[in-house]
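Observations on chain architecture
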Amino acid sequence: MIDFHTHVLPGIDDGSPNTDMSIQMMKQEFKQGVEKVVFTPHFYAHKQSVDHFLSKREKSLWKLEEALEYEEEEVPDYLVGAEVFYFPGMGKAEVLPELCIGGSDTILIEMPFTQWDADIVEDIHRVINRQRMNVILAHVERYVPFQKDFRYWDEIMEMPVVCQMNYAPFLHWKGRRFPVKFLKEGNEVIFGTDCHNMSTRAPELLPARTYIEKKLGEDILEECDDLAEHIWRKIAIETIRNER
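Thresholds applied
Residues numbered from 1 in each chain as written. Predicted model: local features only at pLDDT ≥ 70, side-chain atom pairs only at ≥ 80, totals over all residues. Heavy atoms only, no water. Pairing = 2+ DSSP bridges. Helix = DSSP H or I, 4+ residues; strand = E, 2+ residues; numbered from the N terminus. Contact = heavy atoms within 4.5 Å. Axes fitted to C-alpha atoms, helices over the stretch in contact; angles between N-to-C directions. Buried < 20%, exposed > 50% of the residue type's maximum accessible area, 1.4 Å probe, protein only. Right-handed = clockwise from strand over helix to strand, strands pointing away. Parallel < 35°, antiparallel > 145°, perpendicular 65-115°, else oblique. Nonpolar A, V, L, I, M, F, W, Y, C, P; charged D, E, K, R; others polar. Left-handed = near helix turned anticlockwise from the far one by under 90°. Salt bridge = Lys/Arg side-chain N within 4 Å of Asp/Glu carboxyl O.

1. Considering the sheet that holds strand β9 (residues 189–192)
Pairing is parallel across the open sheet formed by six strands, whose spatial order is β3-β5-β6-β7-β8-β9. Looking at the sheet topology across the chains shown, the edges are occupied by β3 (42–43) and β9. Note that β3 and strand β5 (residues 83–85) share two bridges and pair parallel. If you follow H42 over to β5, its bridge partner there is E83. Those strands touched by helix α7 (residues 218–243) are β6 (106–110), β7 (134–137), β8 (162–166) and β9, and its axis lies near 85° from that of β9.

Laid out in structure tokens, this is it:
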């Protein structure tokens, strides 16, 4: 299994505060069968420059890797990216490639928690078609309550985007209604824990996977896992190619 959305890196955002908790989170993931994770700390263009973010991320990763050298228990493999919050003009931003996962052309975008509009649609279109990026939309289930006019939602969903869903909503009867419907409709989905800590937002996924399998069948989970593995391999290949 692959966790495509985590806030494991220590001391960089509202996720793990230190390396000890980061390692606990990684161990917890591995114990549940997660073999690979993507570190996706928040990036907000209105709060910091890309250079500042990348410098903080590098220092955080260095601290974690240094601490992992002394660990005997297994932890998942990882790639490093960002959860890039949408900003106006994103489609033309020259720095956007620096925020992709690994050295690839795949980017995780957190959409606005507002009614989407034509400008947002155009920006995502430009990210895909002008910047030639593969777009993963973070926790798509969280945007639905803000969409009173679904024209713009439909336009984006018709683009070649991959939708990432969090596991947590499947554990609550109100929260699971849209995710279940979305999966039933055959949309391409990959999963993430969106974990931030070991208490209020821990990397717990097995209860949600059990529910999904019971409600929708094992085939749905396998399709989502296969898609995640395909995307991971593609990112890894692009990263290796771009490093040469």
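2. Some points on the pairing of strand β1 (residues 2–6)
With five of its five residues buried, β1 lies for the most part within the structure. For β1 and strand β2 (residues 36–39), the ladder comprises three bridges, and the chain directions are parallel. Within β2, the position partnered with I2 by the bridge is K36. Regarding the hand of the β-α-β motif, the stretch spanning β1, helix α1 (residues 19–31) and β2 is right-handed.

3. Some thoughts on the packing of helix α6 (residues 206–216) against α7
When two helices pack together, you describe them by how their axes are tilted relative to each other and by the distance separating the axes. Running from N to C, α6 and α7 point in directions that differ by 125°, and their axes come no closer than 6 Å. In terms of axis orientation, α6 runs oblique to α7. On the side of α6, the interface is formed by R209, I212, E213 and L216, while α7 contributes E218, I220, L221 and D225. Residues belonging to the contact of α6 with α7 are distributed by class as follows: four nonpolar, no polar and four charged.

4. Quick look at the packing of α1 against helix α2 (residues 50–68)
With their axes 10 Å apart at the nearest point, α1 and α2 run at an angle of 70° to one another. Regarding the angle of α1 to α2, the classification is roughly perpendicular. When the axes of α1 and α2 are compared, the crossing they make is right-handed. Contact residues: α1 offers T19, S22, I23 and M26, while α2 offers K63, L64, A67 and L68. In terms of residue class, the contact of α1 with α2 is built from five nonpolar, two polar and one charged.

5. Details of the sheet that holds strand β4 (residues 77–80)
Sheet architecture is open: three strands sit in the order β1-β2-β4, paired in parallel fashion. Every other strand in the sheet has two partners, leaving β1 and β4 as the edge strands with one partner each. This sheet shows a mean twist of 20° between the axes of neighbouring strands, independent of strand direction. Here β2 runs beside β4; their pairing, made up of four bridges, is parallel. The residue of β4 that forms the bridge with V38 is L79. Against the sheet, α2 engages β2 and β4, with an angle of about 170° to β4. Packed on one face of the sheet, α7 meets β1, β2 and β4 and runs near 75° to β1.

6. Some thoughts on unusual backbone geometry
One non-glycine residue with positive phi stands out, namely H139, at about 30°. Within the fold, H139 resides in the loop between β7 and α4 (151–157). For D194, which is not glycine, the phi dihedral falls at a positive 55°. Summarising the element assignment, D194 is placed in the loop between β9 and α6.

7. Observations regarding the pattern of salt bridges
All chains considered together, the criterion is met by 11 salt bridges. Between E73 and K27 there is a salt bridge whose closest N-O contact spans 3.6 Å. Taken together, the positions of E73 in the loop between α2 and β4 and K27 in helix α1 put the pair 46 residues apart, joining distant regions of the chain. Looking at K27, the relative accessible area reads 17%, which means it is buried. Between K181 and E185 there is a salt bridge; the shortest N-O distance is 2.6 Å. Overlapping salt bridges, with partners in common, bring together K27, E71 and E73 in one network.

Without other data, these values stay purely geometric and don't point to any function.
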